[in-house]
Each structure stands twice: as C-alpha cells, then as structure tokens.
Amino acid sequence: MTDSIESRLKEDRRFVPPDEFQKRAHVTSHAEYTAMYRRSLDEPEAFWREHTQDLVFDKTWDRFHAWKLPHATFFEGAKLNASVSCLDRHLDGPRRTKAAIVFEGEPGDTRTLTYFELHREVVRLTAHLADLGVKAGDRVTIYMGMVPEAIVAMLACARLGATHSVVFGGFSAEALRDRINDCQAKVLLTQDAAWRRGSVVPLKQMADKALEECPTIEKVVVYRRVGDARAHVTMKEGRDVWWEDLMGRTASAASLELAKKPPAHDAEHPLFVLYTSGSTGKPKGVLHTTAGYLAGVHVTTKFVFDMKDSDLYWCTADIGWVTGHSYIVYGPLSCGAACLVYEGAPNFPDWSRFWQIIEKHGVSILYTAPTAIRAFIRAGDEWVQKADLSSLRLLGSVGEPINPEAWTWYHRVVGGGRCPIVDTWWQTETGSILLTTLPGACYSKPGSTGLPMFGVDIAVVKDKGEDCKANEGGKLVIRRPWPSMARTLFGDDERYKAAYWSQIPDVYFTGDGARRDEDGYFWVVGRIDDVLNVSGHRIGTAEIESALVSHPIVAEAAAVGKPDDLKGQALVVFVTLKNGVTADKNAKDKLAEHIDKEIGKFARPDQIRFTDALPKTRSGKIMRRLLKEVASGATEAKGDTSTLEDLGVLAKLRADED
Ligand code: WT7
C-alpha cells in the first residue's frame, strides 16, 4: 500500500486518500465536495443553516447576510453565546465525561479536563470576572502561556460577552503595553511565569512593567503555574489577585446566575481582537464577531480535520496566534473534540518530545507548521522513529507554504505513508481555513494548498482585478464576504478599508501572491507586501524598522526578508548608525536586545548589517527590493536601478557582507 502510494506520488505528485480513510470520512468524494462547495455559493443560507445545526442559537437570524463593501454581516439578528456552543451543548450526552483538554506540561505533568470540568471552571471564572466589574463589550487582555486556564479565560470572556485580546506570551512588556492600550482593556489575566525549554519566562514581571503605563487596567488575575521564586512575582495590593484565591471565593448570587445561564449575544457582537502585523509600525487589532466566526471555525474543523468523537486532536500552535483561537479553542470545542494542549518547546528535553507525546496520549490528528517540520527533518529521523505513531490518521500544516520535500517527509516519516495531509491556507483576518483539500474527498499535491473551502470565492488576479489564466502568477483575492471574515480593525475602520479593500477594486486583497493550476489547485507563494513570515510568525518590516529607529544610536533602518531553509524567511536588517557611533559587535548586541525589549525575542533579526547609507530613490524612498537582493547574496542588481540615488551605496553594501 505504502509503496504504491509512494510510487503514485512520484509519478504525478498527487496523493489520493487511502480507502480506509476515505470510507469513514465526513466527505468521501471529490464530487461530494464540489456539490457542497457549489451549494455554499449558490444557496449560502441553506448551506450554513444545515451545517450550523449543532451550534446553539437562542434566536435564529432575520437576514442571513448583507454587505456594503467592505462591511458585511452574517446571521444578522441571531442571538447566541459562543461558550454555550463550545461547552454547555455537550453536557447532556456522553461528551459530558469526555476529555475536552488533555494537557501535557513541559515538565511532564499531565491533566485532563472533561467537558463537565471545563464548563465548571469557565462558569466560575465568568462569575468572578463579573464580580470584578467586567461587562459585555469590555475588553480583557490575556497574557498567558499554554495552560488550560488560558482557554478557560477566553471562554469566560466569551460567556460574558467581553472581547478578549490574547497577547502571545513571547511578546515583550512594551508590546503588551501597546496592545492593552490600543483596545483599552479593563482587566488583565496572566500567570506567574511560563515554562520554556526548562527555564522560566516571568510573565507577571513583564506584565507589571507593561502596566506602569496602562491606565485602563483595573484588575489583574494571576494564575500560578510555576509557583516558586523564579517567577519573581510581586502582587499589587488592590489590583492583583491570585487566580486560585479568586476562584476560591464565593461569587455573588447574581453573577453566578449570569454565568450559569449566560446571555445570548448578537451575532455581530465582538468576540475577540487579535493583534497582527501589517505594513505600518502599528499592529492591527483584527476584530472578529460571534456567529460568522464560530460558524466558519466549526464547519472547517469538522470537515477539514474530519473530526470524530474518537479522535485526540493536537494543534501545536500557541493560543496567542489565530491558529490557537480557531483550531484549539473555538473550532474543536464547538465540535466536542478532545484536544491535546502542550505547554512547551518541541525540542525539550530533546527532539523526541512531540513524538513521545503522540505515543503517550494516542494523538490521532496532528496540526503543525512547516517550520517545525523542517526543524525535525534537520534533527534526524531517528527521533521520530523511536516512537509509536500508529495512532495518527491525519496530518495538517499551516502558517507558510510547505515545500514538497517537507511535505513528503511529513507524509512518509511522521504519517507512515498512510495519513492524508491537509495543507491549510488562511490568515488572522480570514478567521478560518479558506484553502485546503478535504482529506477523504480530494487528492493533494505536495506544495499546493488546494481548493476553496465552503463559501469562499477566491481567485488569483492581476493588479486591476482581471483574472489570471491557469498557472499565471498574481494576487490572491477574495471576491465576496465570507462568514468568518474580520469585520474591522479595532478602532481604525479607515485602516481596515485601506489595508484590505483598496488595492484592487471591490475585493479583499490577502497580501499573498499565488497561482491556480489547471486543476483549480492553488499554490500560494507567500507575502508580496511588506510583511515577513519568519518561522510562521508574521512580522511587519515597518514594525522592526520603527523599533530600531527608536534606539538612540540608530539613524535609519530597513528590514527585509531573505529565503531561509529552516525559517522560510530570515530577517535581515540594514542599519545606519548616528554619527560617531562605532559599528561593532557591541552595537549589534544592543540592537538585538532592543528588539527583544520592544517586540519580543521571536522577532530578533537573523542578521544585522551596518551601512553608511541606505539605497534610496530620488524621492527618498528606501529601495527595499535592492536590499532584498543584497540580503539574499546577489552580486549584481537584477532589477532596475535607474532611480537609485547613489549607486555607490549598493556596491558598498555588497562588499560589506558579513
Ligand atoms: C499568512 C497569514 C493562518 C494561521 C497562521 C498564520 C501565510 C498561512 C499558509 C499556507 C502558504 C500560508 C500566508 C498568509 N500562510 N498558511 N498553508 N500556505 N502560506 O496566520 O499570521 O495571519 O499569517 O501566512 O502568507 O497571508 P497569519
């Protein structure tokens, strides 16, 4: 079987789902997928009515959708509570005692929360948040690591109708401060510290630093995870309360009542804000609302991951990113799935950790990122082969294009040649997966992300919006609104219009370049705007540049990406120092630390290059394209340099290579 699949793979680079998988899948043929897809576009209301039947609507919608671009509403007039669809609806049947979360801590501790237990914790926290004064519509920031309580926190916010803003635990105090202030959060939920590769990340200490300049925060709830002196926790009287103390109190009767029977919110009630990078220095607060988002993640979780009650599903993303929101929390829990949550690093204590987790718990679906796959390839097959991975039946990939070599390795070494791979393309702004291949229905082509998901009218077009021909490269756009799309950017609707809806008339521009092949399969090449994808993290070049120029020794800076075997893209910065500052290792260290402080360690440049001047056009614009070529090691400028102010700058930059 494996051999024939492998040979088929070589022949036409197509992977057909194995019969065993196909027979049991939710969608079992390409024809069925096509019929569903057609119906989702032709009769959207009927499609979404049928496929959202499991979600709990207290009141159905008056109007399925309406749009006046770039704004759209879905399920208008409907009332629902997202946490009820994720929790309460499972309590009447066998899922009551089913694992909702199987937690594996980095130190090796394990904990299981059943749907009953998860619901109980969420209800308690909801009541206490209400007692702390949190109301529907307020913003609550969550700055935590990968612990079940972070999920409890998100669901408690959703239950109350408070908009959560999860800030990835790898962000610095400064980045946290800016994100709290932008959305004016009232309460911060954090933890003493998080485990990372055996050491301790002092989250509370960083939060305290951020809060020195966050006037809107009234209360801070601190979950004790590490629990010893290494966390350096100090509690501020009147503001800070330990999670366990709060949960140990008796909540007021009114709040408890509210938490047990939570209000239904409007379909378009804001569910969360999630900050992501764009083409300016300021992060964008992507706003998602309730019904459309939940419908999108629910339906895709069911069909793309072919989710069954017997599965143990593991998405390795952090809840600080959208993948964690959609495919650890709202999608899987709304499907009643059992989710593995792992706290730590993939290579701690060694490169066998992921594979041991799969063996130990019996994971059946693994959803991870190409950058992790490439790191595992480099570490060596033996780490994978040591473990029994026979429980796996489906693999997923997300975050960046997966190169065919990585695809084939993932398929062969991790999936034992028997597991379909779903390469899923989507974005923070899209809320849910928009391109992929349904695992039991469609063949996949390594390197291609596949076909459109339900309700998604997606195309590759030229600059003015004309369709590209098959295999012609162009811009990836979406031609009509879809339920889980972002509704706006928090507090900045003008930027929402400018960033996504203005470049090409009447369509949503993704920022990605792509082509669609003769079979209708999409091949996404990556960002074509000023955004980088470093190890699956979205980093805006402008954000890095504004962080750099905020350092007193820097006169000017430009950040560009360079192809990297492991990270997809590596971050290279060109820096002009102020007069009199010596360009040495000391200056480099200072700047690297400065990025850690301003953004977070994950955004540290891979290379810092000093230069006397940056190449500019006569109008003073930095010629990023040329810098990209220099960073990638080109010895001659490929592009047009006729507008370059000083050609000498370029020659010097090349010569200065590290
Ligand atoms: C950007 C979105 C979607 C959750 C993780 C990242 C790139 C994402 C793929 C894929 C090729 C991909 C795109 C996209 N991307 N998935 N399967 N194939 N590229 O979310 O931070 O919002 O970044 O990630 O460039 O625009 P994000």
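The coordinates are above.
How each quantity is defined
Residues numbered from 1 in each chain as written. Predicted model: local features only at pLDDT ≥ 70, side-chain atom pairs only at ≥ 80, totals over all residues. Heavy atoms only, no water. Helix = DSSP H or I, 4+ residues; strand = E, 2+ residues; numbered from the N terminus. Rg over C-alpha atoms; globule rule 2.2 N^0.38 Å. Buried < 20%, exposed > 50% of the residue type's maximum accessible area, 1.4 Å probe, protein only. Areas by Shrake-Rupley, 256 points an atom, 1.4 Å probe, with all protein chains shown as cover. Near = heavy atom within 4 Å. Polar contact = N/O pair within 3.5 Å; in protein donor to acceptor, adjacent residues only side chain to side chain. Nonpolar A, V, L, I, M, F, W, Y, C, P; charged D, E, K, R; others polar. Axes fitted to C-alpha atoms, helices over the stretch in contact; angles between N-to-C directions. Parallel < 35°, antiparallel > 145°, perpendicular 65-115°, else oblique. Contact = heavy atoms within 4.5 Å. Disulfide = S-S within 2.5 Å. Pairing = 2+ DSSP bridges. Right-handed = clockwise from strand over helix to strand, strands pointing away. Arc of directions from axis to C-beta. Phe/Tyr/Trp six-rings, centres within 6.5 Å; stacked < 30°, edge-to-face > 60°. Lys NZ or Arg CZ within 6 Å of the ring centre and 35° of its normal.

Draft legend 1. Quick peek at the overall build of the protein chain. Helix and strand counts for the protein chain come out as 22 helices and 33 strands. In terms of overall dimensions, the protein chain is globule-like: its C-alpha atoms have a radius of gyration of 24 Å, near the 26 Å expected for 658 residues. A principal-axis box enclosing the C-alpha atoms of the protein chain has dimensions of 75 × 65 × 55 Å. Within the protein chain, the proportion of its 658 residues that are buried is 61%. Accessible surface, the protein chain as shown: approximately 24900 Å² in total, 50% of it carbon and sulfur.

Draft legend 2. Spatial organisation of the site of the ligand. Neighbouring the ligand are 17 residues, the closest being Asp423, Thr424, Thr428, Asp512 and Arg538. Glu400 places a polar main-chain atom, nitrogen or oxygen, 3.4 Å from a nitrogen atom of the ligand. One nitrogen or oxygen atom from the main chain of Pro401 is found 3.5 Å from a nitrogen atom belonging to the ligand. Within the residue set of the shell around the ligand, elements represented by two or more residues are helix H13 (322-334), strand E21 (421-424) and strand E28 (522-527). Residue composition of the shell around the ligand, by class: 6 nonpolar, 6 polar and 5 charged.

Draft legend 3. Geometry of the packing of helix H12 (residues 291-304) against H13. At a minimum axis distance of 8 Å, the contact between H12 and H13 shows a crossing angle of 80 degrees. By the angle between their axes, H12 is roughly perpendicular relative to H13. The residues of H13 that touch H12, namely those facing Tyr293, Leu294, Val297, His298, Thr300 and Thr301, are His325, Ser326, Tyr327, Tyr330, Gly331, Pro332 and Ser334.

Draft legend 4. Structural context of the packing of helix H15 (residues 370-379) against helix H17 (residues 404-414). Here H15 crosses H17 at 70 degrees, and the two axes come no closer than 10 Å. Taken together, the axis directions place H15 and H17 in an arrangement best described as roughly perpendicular. Taken together, the residues of H17 that come into contact with H15 (itself represented by Ile373, Arg374, Phe376 and Ile377) are Ala406, Trp409 and Tyr410. Its residues placed into classes, the contact of H15 with H17 shows 6 nonpolar, no polar and 1 charged.

Draft legend 5. How the structure looks around the state of the cysteines. Within the structure shown, the criterion is met by 0 disulfides. Looking at Cys214, it has no disulfide partner, and the nearest cysteine sulfur is the one in Cys183, 9.5 Å off. Residue classification places Cys214 among the buried positions, given a relative accessible area of 5%. Its sulfur unpaired, Cys315 is 8.8 Å from the next cysteine sulfur, which belongs to Cys339. For Cys315, a relative accessible area of 3% gives the class buried.

Draft legend 6. Representation of the sheet that holds strand E4 (residues 79-80) in the model. Read from one edge of the open sheet, 3 strands run E1-E4-E14, paired in antiparallel fashion. Of all the strands in the sheet, the pair left with one neighbour each is strand E1 (57-59) and strand E14 (265-266). One ladder, built from 2 bridges, connects E1 with E4; its direction is antiparallel. The residue of E4 that forms the bridge with Lys59 is Lys79.

Draft legend 7. Molecular detail of the pairing of strand E17 (residues 312-315). Burial of E17 is two-sided: the residues Leu312 and Trp314 facing one way and the residues Tyr313 and Cys315 facing the other way are all buried. Of the strand pairs in this sheet, E17 and strand E18 (residues 338-342) are connected by 3 bridges, and their pairing is parallel. Each residue of the ladder has a partner; that of Tyr313, found in E18, is Cys339. In the classification by handedness, the crossover that spans E17, the intervening H13 and the parallel E18 is right-handed. Pairing of E17 with strand E19 (residues 365-368), which is carried by 3 bridges, proceeds in the parallel orientation. Pairing of Trp314 across the sheet is with Leu366, part of E19.

Draft legend 8. How the structure looks around the pairing of strand E9 (residues 187-191). Counting buried positions along E9 yields 5 of 5 residues, so the element is predominantly enclosed. Burial of E9 is two-sided: the residues Val187, Leu189 and Gln191 facing one way and the residues Leu188 and Thr190 facing the other way are all buried. Sheet analysis places strand E7 (residues 139-143) next to E9, joined by 4 bridges and oriented parallel. Within E9, the residue paired with Thr141 across the bridge is Leu188. In the sheet, E9 pairs with strand E12 (residues 219-223) via 5 bridges, with the strands oriented parallel.

Draft legend 9. Focus on helix H18 (residues 493-500). Three or more residues of H18 are buried, namely Arg495, Tyr496 and Tyr500. Down the axis, H18 shows its buried residues gathered within 105 degrees of arc, on one side only.

Draft legend 10. Spotlight on the sheet that holds strand E20 (residues 394-398). Taking strand neighbours across the sheet as the criterion, the 7 strands line up as E6-E5-E18-E17-E19-E20-E21 in an open arrangement whose pairing is mixed. In the strand order of this sheet, the two ends are held by strand E6 (110-114) and E21, each with one partner. Within the sheet, the average angular offset between the axes of one strand and its neighbour, ignoring direction, is 20 degrees.

Draft legend 11. How the structure looks around the packing of aromatic side chains. According to the stated counting rule, one finds 40 aromatic pairs in the structure shown. Ring geometry for Phe272 and Tyr293: centres 5.0 Å apart, planes at 85 degrees, overall edge-to-face. One end of the pair, Phe272, is in strand E15 (residues 270-276); the other, Tyr293, is in helix H12, and 21 residues separate them in sequence. Linked through ring pairs, Tyr33, Tyr37, Phe47, Trp48, Phe303 and Phe454 together constitute an aromatic cluster. For the cation-ring pair, Arg224 lies above Trp242, with the distance from its terminal atom to the ring centre recorded as 3.9 Å.

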